[in-house]
Each structure stands twice: as C-alpha cells, then as structure tokens.
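Understanding the architecture of this molecule
Letter by letter, the chains look like this.
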Amino acid sequence: MKISVQEAPFDAGAEIAAFGAGRADIGAVVTFTGLVRDDTGALEALELEHYPGMTERAIAKIAEEAVARWALADCLVIHRHGRLAVGEAIMMVATAARHRVAAFEAAEFLMDYLKSRAPFWKKEHGPGGETGWVAAKDADEAALKRW
Amino acid sequence: MVEVVYFAWVRERIGLPRERVETGAATVADLVAELAAREPRYAAAFADLGALRVALDQELAEFDAPLAGVREVAFFPPMTGG
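If you look chain B up in an unreviewed UniProt entry, it shows as Molybdopterin synthase sulfur carrier subunit from Rhodobacter xanthinilyticus. Entered under Sequence similarities (unreviewed entry) in the UniProt record, the comment concerning chain B runs "Belongs to the MoaD family."

As recorded by an unreviewed UniProt entry, chain A carries the name Molybdopterin synthase catalytic subunit and is attributed to Rhodobacter xanthinilyticus. Recorded in UniProt for chain A, the comment headed Sequence similarities (unreviewed entry) runs: "Belongs to the MoaE family." Turning to chain A, the UniProt record has this under Catalytic activity (unreviewed entry): "2 [molybdopterin-synthase sulfur-carrier protein]-C-terminal-Gly-aminoethanethioate + cyclic pyranopterin phosphate + H2O = molybdopterin + 2 [molybdopterin-synthase sulfur-carrier protein]-C-terminal Gly-Gly + 2 H(+)".

Written out as structure tokens, the structure reads:
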C-alpha cells in the first residue's frame with residue numbers, strides 16, 4: 001500500500017507501471033487520475049490546503065478499509081497540495097485485485113471517501129487573484145451512503 | 001491548555017493558523033462558545049456550526065464530544081479532497 005501527500009507532481013504512467021508489478025495474484029488494476037478542471041473559463045489555478053498529519057492518517061484509514069472490504073492485493077493513493085494550474089493532476093488512486101469488479105468498486109469507494117473525509121480544502125485563483133473557496137457538495141456527502 | 005488549529009476560511013476569518021488556548025471547557029461546543037465570545041472575528045467564524053467540522057487529535061468528532069485529555073482541536077469547513 002502506498003500513500004503519498006506531496007506538493008510535487010507525479011508521473012501517473014510510472015506509478016501505474018510500478019503498481020502491483022511482479023505479482024501473480026492480480027487480475028485487475030483500476031486507476032483514476034483527478035485533474036484541475038476549469039468550469040467557468042476564469043480559473044487559473046487551485047490552491048490546496050491540507051492538515052499535515054491528519055491528512056496522511058485519514059487517507060491511510062480509508063485505504064485500509066478498502067483493502068479489507070475488497071480483499072485488494074494492493075492500493076495506491078497520491079494526493080497533492082499547494083498551487084496547481086488548470087490541467088495539472090491533483091491526485092490519483094489505483095486498486096489491484098484478483099477480479100475487476102472489486103478493483104472498480106474499491107476505487108470508487110476510495111474516491112467518494114477522499115472527497116469528503118480527507119482534510120483538503122480548495123481555493124480558486126483567477127487572473128485577478130483569489131476568487132474564493134470551493135464549497136463541499138451535498139452530493140459528495142450523500143455518495144458515502146452507498147457504501 | 002489545548003492547541004486550537006484553523007483551516008481554510010476559518011483560518012482566514014480568525015486571522016490565525018493556530019493558537020494555544022487556556023480553557024476549562026468540557027466539550028467542543030463549550031470551547032466554541034468561549035471562542036465566539038472573544039471578538040467579532042471569532043463570532044463570525046463560529047456563526048454557523050453546520051458549516052464547520054471539528055477534529056480532536058486529528059480524528060473527526062462531533063461538537064458535543066468531551067475535551068478531557070485532548071491536545072489538539074481543529075476547526076475547518078467541510079472537506080473537498082479528490
């Protein structure tokens with residue numbers, strides 16, 4: 001299991017290539033990469049604040065639960081903080097399992113929980129400077145109920 | 001004495017990332033009441049508890065949770081990871 005909370009960019013391709021390598025019991029790897037998206041045409045960057053210490057613990061707890069519930073062979077979470085330009089990768093998750101259904105479901109579970117239970121906060125920056133904090137969505141909180 | 005930590009707009013509204021607070025508050029809600037009574041910037045930050053989350057020693061908690069033995073209390077808006 002790899003968990004990294006980092007400011008630096010990551011190479012998703014290299015991470016996927018290394019993930020679960022050399023194991024004979026893995027039949028499926030599912031990966032998700034989250035990017036900074038510009039919905040309004042006025043976003044230049046997102047600034048991600050986090051809670052050092054709690055962030056790593058919260059992500060580890062979520063990942064451990066995913067591994068236990070879906071008997072995952074492996075699990076990866078990389079989440080960045082700091083200032084990220086539009087188009088940059090914010091985070092990625094990867095899950096490895098014997099079968100694809102477990103790998104897909106566990107990846108969705110990880111994403112739902114990371115959105116609402118990992119202590120990150122996003123501030124938007126436009127050409128003129130800060131434009132405010134991204135509000136949590138009710139739908140994100142509701143998404144947890146399906147698990 | 002507890003370390004009180006603020007994040008995102010709570011930090012901006014109060015104007016501090018963290019502070020040490022001398023308190024005899026029994027619960028998080030009691031601590032919130034003490035802080036909110038200090039100055040308008042605190043009152044503004046704690047005006048709507050529904051818009052806030054709290055963590056005790058880096059674990060999410062409820063506002064009625066006891067503070068006995070807690071070293072770090074963090075206040076922040078609902079999280080937006082992913």
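1. Some points on the sheet that holds strand 3 (residues 45-50) of chain A
Residues and elements named next belong to chain A. Sheet architecture is open: four strands sit in the order 5-3-7-8, paired in antiparallel fashion. Pairing within the sheet leaves two strands with one partner each, and these edge strands are strand 5 (82-85) and strand 8 (129-133). Neighbour to neighbour, the strand axes of the sheet diverge by 30 degrees on average, direction disregarded. Here six bridges tie strand 3 to strand 7 (residues 120-126), and the two strands are oriented antiparallel to one another. Bridge pairing in strand 7 links L48 to K122.

2. Quick look at the nonpolar core
One finds B:F46 and B:F75 to be the most contacted residues of the largest nonpolar core, which totals 35 residues. When contributions to this core are tallied by element, the ones reaching two or more residues are strand 1 (2-6), helix 1 (8-14), helix 2 (28-36), helix 3 (40-45), strand 3 (53-56) and strand 5 (72-76) of chain B. A:V36, A:L46, A:L84 and A:L144 belong to the second largest nonpolar core, which has 32 residues in total.

3. Concerning the sheet that holds strand 4 (residues 59-61) of chain B
Residue and element names in this part refer to chain B. Strand order across the open sheet formed by five strands is 2-1-5-3-4, with mixed pairing between neighbours. Of all strands in the sheet, those with a lone pairing partner are strand 2 (18-21) and strand 4, marking the two edges. Here the strands of the sheet are splayed against their neighbours by 30 degrees on average, with no regard to which way each runs. As paired elements, strand 3 and strand 4 share three bridges and run antiparallel to each other. Paired with L56 across the two strands is E59, which belongs to strand 4.

Definitions and limits used
- Residues numbered from 1 in each chain as written.
- Chains lettered and ligands numbered in written order.
- Predicted model: local features only at pLDDT ≥ 70, side-chain atom pairs only at ≥ 80, totals over all residues.
- Heavy atoms only, no water.
- UniProt positions renumbered as here; feature names shortened; annotations may be inferred.
- Pairing = 2+ DSSP bridges.
- Helix = DSSP H or I, 4+ residues; strand = E, 2+ residues; numbered from the N terminus.
- Axes fitted to C-alpha atoms, helices over the stretch in contact; angles between N-to-C directions.
- Core = buried A, V, L, I, M, F, W, Y, C linked by side-chain atoms within 4.5 Å.
- Buried < 20%, exposed > 50% of the residue type's maximum accessible area, 1.4 Å probe, protein only.

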